Number of protein chains: 2
Amino acid sequence: MENSRPFTDALGRLRSAGLRPTRQRLALAKLLFDGENRHVTAESLHREALKARVRVSLATVYNTLHQFTDAGLMREIVVDAGGSYFDTNISDHHHFYFEDTRRLEDIAEEEIRVAKLPAPPADAEVSRVDVIVRLQAKK
Amino acid sequence: MENSRPFTDALGRLRSAGLRPTRQRLALAKLLFDGENRHVTAESLHREALKARVRVSLATVYNTLHQFTDAGLMREIVVDAGGSYFDTNISDHHHFYFEDTRRLEDIAEEEIRVAKLPAPPADAEVSRVDVIVRLQAKK
DNA sequence: GTGTTTGCAAAGTGTTTGCAATTTA
DNA sequence: TAAATTGCAAACACTTTGCAAACAC
């Protein structure tokens, strides 16, 4: 019974991903997964960690974000040159991108309907469909 | 009458964009706009130019692609970290992205229907909707 | 001629990597 | 104590920029 919410805590997440729960990974996982879904960059997460008195290098933040992504705990999103975003929301969904502020915001799956996808070539399969609604501030 | 196809040639395109028709810009415009729509990177266009005996530096290719994009002759597309693509097709349309080969392919507007877009915040307006269908080779 | 454009090399940005020291199991 | 992880600094890939020389009008 105690285990009915499998990814309830940072430790459980790391364990299930086969990643050793080091101090750095635990701290980052707590920052990332403790509340609502987040969109972070390596830089922004690193800043946040330092602010929370977590000693971790930027290189380790990069490595950790990739390990989390490879483990399926996060998803990488590229919407403009110069910087990847990492999203803690791994369910199917889409994004608003505020071009002025470079901020990403989720759009729930049900809020967009992509109808009539053309068939991919026979030797390829769809790995993901990304819809990015780019927004500009009204003049 | 002679002017009924405004962008028929490289020279006309540059003129209408207010860009001086220098040797480099003319040559790049010819490579880009002479046949079908193209997806290029700065690197790929630079290689192509050298192969065609057009002497032009990589920096100028970058500058030119941005000038063409700013002038509305092309469109920039970012689908993965490390590299922008530039698309000569500036009409509304979408893309297949072959993750294995890093190749982009157009999907015509009519081939996808995005229904039920959520309303953007009141102070923002949609500048563009990008649909990227990511493909992987079947195992 | 005057202002624009080019090419080069240097600088910049975001990211990855090699390796010794540290930490985890 | 053996294997994994970290942090640092160096290396990297891609892109932009400063500036003198070349070019377009």
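This is a predicted model, so every value here is computed, not measured. (Residues numbered from 1 in each chain as written. Chains lettered and ligands numbered in written order. Predicted model: local features only at pLDDT ≥ 70, side-chain atom pairs only at ≥ 80, totals over all residues. Heavy atoms only, no water.)

Once that is clear, we can look at helix 4 (residues 58-70) of chain A. All names here are of chain A. With 13 residues, helix 4 should reach 18 Å at 1.5 Å per residue; the first-to-last C-alpha distance of 18 Å fits that figure. Turning to helix 4, its buried residues are V61, T64, L65, F68 and T69. Projected onto a plane normal to the axis of helix 4, the buried residues spread over an arc of 135° and lie on a single side. The secondary structure elements touched by the buried residues of helix 4 are helix 1 (10-17), helix 2 (23-33), strand 1 (39-40), helix 3 (42-51), strand 2 (75-77) and strand 3 (85-87). Remark: G72 follows helix 4 within two positions and exhibits a positive phi of approximately 85°. (Helix = DSSP H or I, 4+ residues; strand = E, 2+ residues; numbered from the N terminus. Expected span 1.5 Å × (residues − 1). Buried < 20%, exposed > 50% of the residue type's maximum accessible area, 1.4 Å probe, protein only. Arc of directions from axis to C-beta. Contact = heavy atoms within 4.5 Å.)

What follows deals with the interface of chain A and chain B. Taken together, the 38 residues of chain A in the interface contact 38 residues of chain B. Here chain A meets chain B over a buried area of about 3200 Å², counting both sides, of which 56% is carbon and sulfur. When the buried surface of chain A facing chain B is broken down by residue, R113(A), R134(A) and K138(A) rank first, second and third, together holding 16% of it. A salt bridge links R134(A) to D130(B); its shortest N-O distance comes to 2.8 Å. (Buried area = accessible area lost by both parts, 1.4 Å probe. Salt bridge = Lys/Arg side-chain N within 4 Å of Asp/Glu carboxyl O.)

Before going further, it helps to examine the sheet that holds strand 5 (residues 103-108) of chain A. What the six strands build is an open sheet, ordered 5(A)-4(A)-7(A)-7(B)-4(B)-5(B); its pairing is mixed. Single-partner strands in this sheet number two, and they are strand 5 of chain A together with strand 5 (103-108) of chain B. Strand-to-strand twist of the sheet, defined as the mean angle between neighbouring strand axes without regard to direction, takes the value 30°. (Pairing = 2+ DSSP bridges. Axes fitted to C-alpha atoms, helices over the stretch in contact; angles between N-to-C directions.)

With that settled, the discussion passes to the sheet that holds strand 1 of chain A. Backbone-to-backbone hydrogen bonds join strands into a sheet, with any given pair of strands oriented parallel or antiparallel. Residue and element names in this part refer to chain A. Strand order in the open sheet formed by three strands is 1-3-2, and the pairing between neighbours is antiparallel. Every interior strand has two partners, whereas the edge strands, strand 1 and strand 2, have only one. For strand 1 and strand 3, the ladder comprises two bridges, and the chain directions are antiparallel. Paired with V40 across the bridge in strand 3 is F86.

Read these as geometric descriptors, not functional statements.
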